[in-house]
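Each chain is listed here by its residues.
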Amino acid sequence: MKLDWWTLGLQLINVAVLMWLLSRFLFKPVAGIIAERQRVAAELLDQAAAAKAEAQALGDSAQAARDELAQSRAAALEAVQQEAAALRNQLLEEARAAAAEHREQAQQALQDQQQAARRRTEADAARLALDIARKLLARLPASAQVGGFVDGLVAGLALLPEGVRTCLGQAPQHFELRAPRPLVDSELAEIRQALAAALGQPVSLELVIDPELVAGLELSGGAALVRNSFRADLERVQHELLDVDHG
């Protein structure tokens, strides 16, 4: 086989020219387009990565916000539950205290009522006993209703305060004499004589009949008041009994 060197050379020149034309008019533009597309693709990839990172960051922020919100809600719920429990305990304690106070007040009121009823019963019993004593003493003989009480009347004058006794002895005195019955002249004379001896001067007496005395005498005038009667004794006993009962 014989090679045609001219033909081969021309073909090589054609190939070289073709390669130069392709590289100038085809390869370079295509390479530029490919490079530009690679650059755009890289930018898009970078933007996508940035968007993905931003989305990831937003997702993380949203998750953190959700976690924080959940924690806040849980803390708020726990605080509300604790406050409700504390309020419930407080209300229970206040209810127990109020119930205890009402129970104590009811018990105290019951005790007061019982004590008041007992006092009324004891007072009624004391008054009844005194009424019986008064009725029994009213049966004394007329002589016993006055006799024996004159000395006690004089002794009562001696127990008056010194200033009152001094005033009674400075000028003639007029007294009101209370007796359970009318007095005979001898009884009045005996009383005047005893009072004059005690005061050192004559006295005038105005007799007042008071059956409520039961027995005894009561003398009043000026600043003086001397009671020597069963009524005074019964009133004193009644007062002492009621004071003891109330104590």
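Scroll up for the structure.
Our subject in this report is the structure included herewith.

Here is what the cut-offs are and how they apply
- Residues numbered from 1 in each chain as written.
- Predicted model: local features only at pLDDT ≥ 70, side-chain atom pairs only at ≥ 80, totals over all residues.
- Heavy atoms only, no water.
- Helix = DSSP H or I, 4+ residues; strand = E, 2+ residues; numbered from the N terminus.
- Buried < 20%, exposed > 50% of the residue type's maximum accessible area, 1.4 Å probe, protein only.
- Contact = heavy atoms within 4.5 Å.
- Core = buried A, V, L, I, M, F, W, Y, C linked by side-chain atoms within 4.5 Å.
- Polar contact = N/O pair within 3.5 Å; in protein donor to acceptor, adjacent residues only side chain to side chain.
- Pairing = 2+ DSSP bridges.
- Axes fitted to C-alpha atoms, helices over the stretch in contact; angles between N-to-C directions.
- Parallel < 35°, antiparallel > 145°, perpendicular 65-115°, else oblique.
- Left-handed = near helix turned anticlockwise from the far one by under 90°.
- Nonpolar A, V, L, I, M, F, W, Y, C, P; charged D, E, K, R; others polar.
- Salt bridge = Lys/Arg side-chain N within 4 Å of Asp/Glu carboxyl O.

Moving on, we get to the overall build of the protein chain. Secondary structure summary: the protein chain contains five helices and four strands in total. Along the protein chain, helices and strands appear, N-terminal first, in the series α-α-α-β-α-β-β-β-α. Scored against the burial criterion, the 247 residues of the protein chain give a buried share of 19%. Here the analysis covers contacts within the protein chain between residues at least 6 apart in sequence; of these, 74% occur between residues at least 24 apart.

Attention now goes to the nonpolar core. Judged by nonpolar contacts, the single largest core of 25 residues is most densely connected at Leu168, Phe175, Leu177, Ile191, Leu195, Leu217 and Leu219. When residues of this core are traced back to their parent elements, those giving at least two are α2 (150-158), α3 (162-168), β1 (173-179), α4 (185-199), β2 (203-209), β3 (216-221) and β4 (224-229). Of all the elements, α4 adds the most residues to this core, at four residues. Leaving out residues up to four positions away in the same chain, Ile191 has contacts with Val150, Leu177, Leu183, Leu205 and Leu217.

In this fold, Asn228 is placed in strand β4. Among the polar contacts listed, one links the side chain of Asn228 to the backbone oxygen of Phe149, at a separation of 2.7 Å. Setting aside chain neighbours within four positions, we find Asn228 in contact with Phe149, Gly152, Leu153, Gly216, Leu217 and Glu218.

Attention now moves to the sheet that holds β4. Reading across from one edge, β2-β1-β3-β4 is the order of the four strands in this open sheet, with mixed pairing throughout. The open sheet has two edge strands, β2 and β4, and neither has a second partner. Looking at each pair of strands side by side, their axes are set apart by 20 degrees on average, direction ignored. By the bridge criterion, seven bridges tie β1 to β2 in an arrangement that is parallel. Bridged to Ala179 within β2 is Ile209. Sheet strands touched by α4: β1, β2 and β3. Its angle to β2, the strand with the most contacts, is close to 135 degrees.

For the rest of this paragraph, the subject is the pairing of β3. Burial analysis of β3 places five of its six residues in the buried class, the great majority of the element. Direction of pairing for β1 relative to β3: antiparallel, over a ladder of three bridges. Looking across to β3, one finds that Leu177 is bridged to Leu219. With six bridges connecting them, β3 and β4 associate as antiparallel partners. Counted as the bridge partner of Gly221 is Ala224 from β4. Between β3 and the antiparallel strand that follows it, β4, lie two residues; Gly222 among them carries a positive phi value of about 65 degrees.

The next subject is the packing of α2 against α4. Interaxial distance between α2 and α4 falls to 10 Å at its minimum, and their mutual angle equals 25 degrees. Of the possible angle classes, the one that applies to α2 and α4 is roughly parallel. In terms of crossing hand, the pair formed by α2 and α4 is right-handed. Contacts between α2 and α4 pair Val150, Leu153, Val154 and Leu157 from the former with Glu190, Ile191, Ala194, Leu195 and Ala198 from the latter. Of the residues contributing to the contact of α2 with α4, the split by class is eight nonpolar, no polar and one charged.

Before going further, it helps to examine the pattern of salt bridges. Here the structure, examined in full by the defined rule, presents 10 salt bridges. For Arg178, the salt bridge is made with Glu176, and the minimal N-O distance between the two is 3.4 Å. Accessibility expressed as a relative area gives 26% for Arg178, which makes it partly exposed. Among the ionic contacts, a cluster of salt bridges with common partners joins Glu176, Arg178, Asp210, Glu218, Arg227, Arg231 and Glu235.

Bringing unusual backbone geometry into the picture now. Despite not being glycine, Val214 shows a phi value in the positive range, around 70 degrees. Considering the arrangement of structural elements, one finds Val214 in the loop between β2 and β3.

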